[in-house]
Amino acid sequence: MLIKLQFKNLQDKHPQLLAYTSGTIITLYTSLQDNPRKYKCILAEEIGHVLYPPVPGHVSYHIAGAWTGLDYTSRGNIEYLVSKDERRALKFATGLLIPDHAFWEYADRGLHHIWDWCEYFDVEKWFFEMKVGFIRAGQPPGNRLKWRQIVSRT
């Protein structure tokens, strides 16, 4: 599979849009080139969208006016499908940039400040937090990883 990467000014579409994927074409906001860590995290997620395509019609949910005329139940169903697609792409991305074995090897070295975690894996804070969330979700209730077990507060 060949993935095409392009950079564009996406702020004219939406002031908070940093990236989107259409088929095997990933479009990133040009400013990401100036922030390698953020670029890497967002690109990994977008690759996740290419490898694990969204359910049919997902892109239409993001088109202006797509929500007009939808009742509360329909909006809830769409939000669920979109969040499911996002979760799948983020789970792939966090596994790619912070593999489970590397996460646990670093955790076994003792407590680290959250910024040390981010520096070690060269990821954004939000990205590291997502990884911890995925690890916790895969553990049995009552025996889930706690922040204080891996993150130093000082």
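In what follows, the structure referred to is the one given above.
As a starting point, this report considers the structure included with it. (Residues numbered from 1 in each chain as written. Predicted model: local features only at pLDDT ≥ 70, side-chain atom pairs only at ≥ 80, totals over all residues. Heavy atoms only, no water.)

Brief notes about helix α3 (residues 100–107)
Phase 1: Among all positions of α3, only Ala102, Phe103, Tyr106 and Ala107 are buried. Around the axis of α3, the buried residues are gathered within 135° of arc, so they sit on the same side.
Phase 2: Next to the buried residues of α3 lie β4 (112–113), α4 (114–121), α5 (125–137) and α6 (147–150). (Buried < 20%, exposed > 50% of the residue type's maximum accessible area, 1.4 Å probe, protein only. Helix = DSSP H or I, 4+ residues; strand = E, 2+ residues; numbered from the N terminus. Arc of directions from axis to C-beta. Contact = heavy atoms within 4.5 Å.)

Examining the packing of aromatic side chains
Phase 1: Within the structure shown, the criterion is met by 13 aromatic pairs.
Phase 2: Ring-pair connections join several aromatic residues into one group, and the members of that group are Phe103, Trp104, Tyr106, Trp117, Tyr120, Phe121, Phe128 and Trp147. (Phe/Tyr/Trp six-rings, centres within 6.5 Å; stacked < 30°, edge-to-face > 60°.)

With respect to a nonpolar patch on the surface
Phase 1: A contiguous nonpolar surface patch, about 400 Å² in accessible area, is contributed by Met1, Ile3, Leu51 and Tyr52.
Phase 2: Within the fold, Leu51 resides in helix α1 (residues 36–51).
Phase 3: For Leu51, a relative accessible area of 38% gives the class partly exposed. (Patch = residues over 30% accessible without salt bridge, like charges linked within 9 Å, V, L, I, M, F, W, Y side chains within 5 Å. Areas by Shrake-Rupley, 256 points an atom, 1.4 Å probe, with all protein chains shown as cover. Salt bridge = Lys/Arg side-chain N within 4 Å of Asp/Glu carboxyl O.)

Examining the pattern of salt bridges
Phase 1: Scanning the model with the defined rule gives six salt bridges in all.
Phase 2: Where Arg88 meets Asp85, a salt bridge forms, and the shortest distance between an N and an O atom there is 2.7 Å. Of the two residues, Arg88 and Asp85 both sit in helix α2 (residues 72–97), three residues apart, roughly one turn of that helix.
Phase 3: Classification of Arg88 as partly exposed rests on a relative accessible area of 34%.
Phase 4: With a closest N to O distance of 2.5 Å, Asp100 and Lys131 form a salt bridge. Of this pair, Asp100 sits in helix α3 while Lys131 sits in helix α5; the two residues are 31 residues apart in sequence, bridging distant segments of the chain.
Phase 5: Through salt bridges with shared partners, a single network forms among Arg37, Lys40, Glu119 and Asp122.

Looking at unusual backbone geometry
Phase 1: Despite not being glycine, Asp122 shows a phi value in the positive range, around 55°.
Phase 2: Following the sequence through the fold, Asp122 ends up in the loop between α4 and α5.

Quick notes on the side chain of Gln6
Phase 1: Looking at where Gln6 falls in the secondary structure, it is placed in strand β1 (residues 4–8).
Phase 2: Once residues lying within four places of it in the same chain are set aside, the contact partners of Gln6 are Ile25, Ile26, Thr27 and Leu28.

A closer look at the environment of Arg144
Phase 1: Tracing the backbone through its elements, the reader meets Arg144 in the loop between α5 and α6.
Phase 2: Judged by relative accessible area, Arg144 falls into the partly exposed class, the value being 31%.
Phase 3: When sequence neighbours within four positions are dropped, the list of residues in contact with Arg144 reads Arg136, Ala137, Gln139 and Gln149.
Phase 4: From its side chain, Arg144 meets the backbone oxygen of Arg136 in a polar contact 3.0 Å long. (Polar contact = N/O pair within 3.5 Å; in protein donor to acceptor, adjacent residues only side chain to side chain.)

Topic: the side chain of Glu124
Phase 1: Inspection of the secondary structure puts Glu124 in the loop between α4 and α5.
Phase 2: The residues touching Glu124, leaving out its near neighbours within four places in the chain, are Asn35, Arg37, Lys38, Cys41 and Cys118.

Side note on the state of the cysteines
Phase 1: Here the structure, examined in full by the defined rule, presents zero disulfides.
Phase 2: In this structure Cys41 is a free cysteine whose sulfur lies 8.4 Å from that of Cys118, the closest cysteine sulfur available.
Phase 3: Residue Cys41 is classed as buried on the basis of its relative accessible area, which comes to 0%. (Disulfide = S-S within 2.5 Å.)

Some details on the sheet that holds β1
Phase 1: Ordered by their spatial adjacency, three strands build an open sheet running β1-β3-β2, and the pairing between neighbours is mixed. At either margin of the open sheet sits one strand with a lone partner, and together these are β1 and β2 (19–22). When the angles between neighbouring strand axes are averaged without regard to direction, this sheet yields 20°.
Phase 2: Sheet analysis places β2 next to strand β3 (residues 25–29), joined by four bridges and oriented antiparallel. (Pairing = 2+ DSSP bridges. Axes fitted to C-alpha atoms, helices over the stretch in contact; angles between N-to-C directions.)

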